[in-house]
Amino acid sequence: MAAITAAMVKELRDRTGLGMMECKKALVEAGGDVDAAIEEMRKSSGLKAAKKAGRTAAEGVSLVKVSDDHTRAFILEVNSETDFVARDENFLNFAREVLDVAFKNDETDVAKLMAGELEGKREALVQKIGENISVRRLLRVEGPVVDGYVHSTNKIAAVVALTGGTPEVARDVAMHVAAVNPRVGKTEDMPAEEVEKEKDIIRSQPDMEGKPAEIVEKMTTGRINKFLKENSLVEQPFVKNPDQTVGALIKDAGGELAGFIRLEVGEGIEREEVDFAAEVAAAAGTGKS
């Protein structure tokens, strides 16, 4: 058997991105043949990726791709375990490729999209960087005028569709959506159960106590209307010009709101509380005293 040299280990690390001990072990098992070691590593990549699938991936990126004619857009969320990996160029390139393929194939079903070459690339990336990676959400927006906005951190993205106007206005509204996070597009879109829940909260507030029923109802109506305006996109003051509502901005451009989507990385994911001191102690074999 050929001696395993530091140069061989370095070559394997450079070609796979894996850890030193893992590369050395693979070389020993392959008798010092770097190519054979790589082949065996590739065969086991699916298993390695699966082992990492249980970890919580709540960081990552949200990205947008808009058609040249501004009538269609895709918005995507791809997750990683840490923000450090979310800023890694290999991870970003993978996320961009997923978005490009989805856009080209007009595919919004994540399972169908990943059932092939992209899944192999995801598994290879999991093995290379040592973190769980998941393609979480993929949505398409269509309309007469569509554009999107991605915050500079890639953590928040939004897409807006209008019935008329310009892509520039649609993008401005998408930027507003990313910044303000409206719950609905128009006041009438607010679910009835949400309105009732808010009414119960308002009626339970201290300043309502002891007031006649008609006064309570009048005050409740006023506060509900305020709640609806504050949480409805078209009623909100536009972030670039608070003297103008978003609805007025769109109307002045010759259109109306047709729809919007906002994705924020990790929203709705229950994150694990990690005790790093315990992890380090366990890895060192000392345990916590």
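Before reading further, recall that the structure is shown in the block above.
None of the values given here were measured: they were computed from a predicted structure. (Residues numbered from 1 in each chain as written. Predicted model: local features only at pLDDT ≥ 70, side-chain atom pairs only at ≥ 80, totals over all residues. Heavy atoms only, no water.)

Draft legend 1. Structural detail: the environment of D33. Assignment of secondary structure puts D33 in the loop between helix 2 (20–29) and helix 3 (34–43). The class of D33 is partly exposed, set by a relative accessible area of 38%. Along the sequence, D33 and M8 sit 25 residues apart, while their C-alpha atoms lie 8.8 Å from each other. Polar contacts involving the side chain of D33 include one to the main-chain amide nitrogen of A36, which spans 3.0 Å. (Helix = DSSP H or I, 4+ residues; strand = E, 2+ residues; numbered from the N terminus. Buried < 20%, exposed > 50% of the residue type's maximum accessible area, 1.4 Å probe, protein only. Polar contact = N/O pair within 3.5 Å; in protein donor to acceptor, adjacent residues only side chain to side chain.)

Draft legend 2. Structural view of helix 8 (residues 117–129). Between the first and last C-alpha of helix 8 there are 19 Å, a value that for 13 residues agrees with the 18 Å anticipated at 1.5 Å per step. When helix 8 is considered as a whole, its buried residues turn out to be L118, R122, L125, V126 and Q127. Note on helix 8: the residue one or two positions beyond its end, G130, has a positive phi of about 75°. (Expected span 1.5 Å × (residues − 1).)

Draft legend 3. How the structure looks around the pattern of salt bridges. Considering all chains together, one arrives at 23 salt bridges under this definition. Across the salt bridge formed by D83 and R87, the nearest N and O atoms sit 3.0 Å from each other. Overall, the relative accessible area of 55% leaves R87 in the exposed class. Via salt bridges that share partners, E59, D83, R87 and K155 belong to a single interconnected network. (Salt bridge = Lys/Arg side-chain N within 4 Å of Asp/Glu carboxyl O.)

Draft legend 4. Just the nonpolar core, in detail. Grouped together as the largest cluster of nonpolar side chains are 24 residues, with contacts concentrated most on V78, F94, V98 and V135. Where this core is concerned, the elements lending two or more residues are strand 1 (59–66), strand 2 (72–80), helix 5 (83–86), helix 6 (89–105), helix 7 (110–114), helix 8 and strand 3 (134–142). Looking at this core, the element that brings in the most residues is helix 6, giving 8 residues. For F94, the contacting residues outside a window of four places in its chain are V78, M114, L118, K121, R122, L125, I133 and V135. Formed by 20 residues, the second largest nonpolar core is a distinct cluster that contains Y149, A170, L233 and L249. (Core = buried A, V, L, I, M, F, W, Y, C linked by side-chain atoms within 4.5 Å. Contact = heavy atoms within 4.5 Å.)

These figures capture arrangement, not role.
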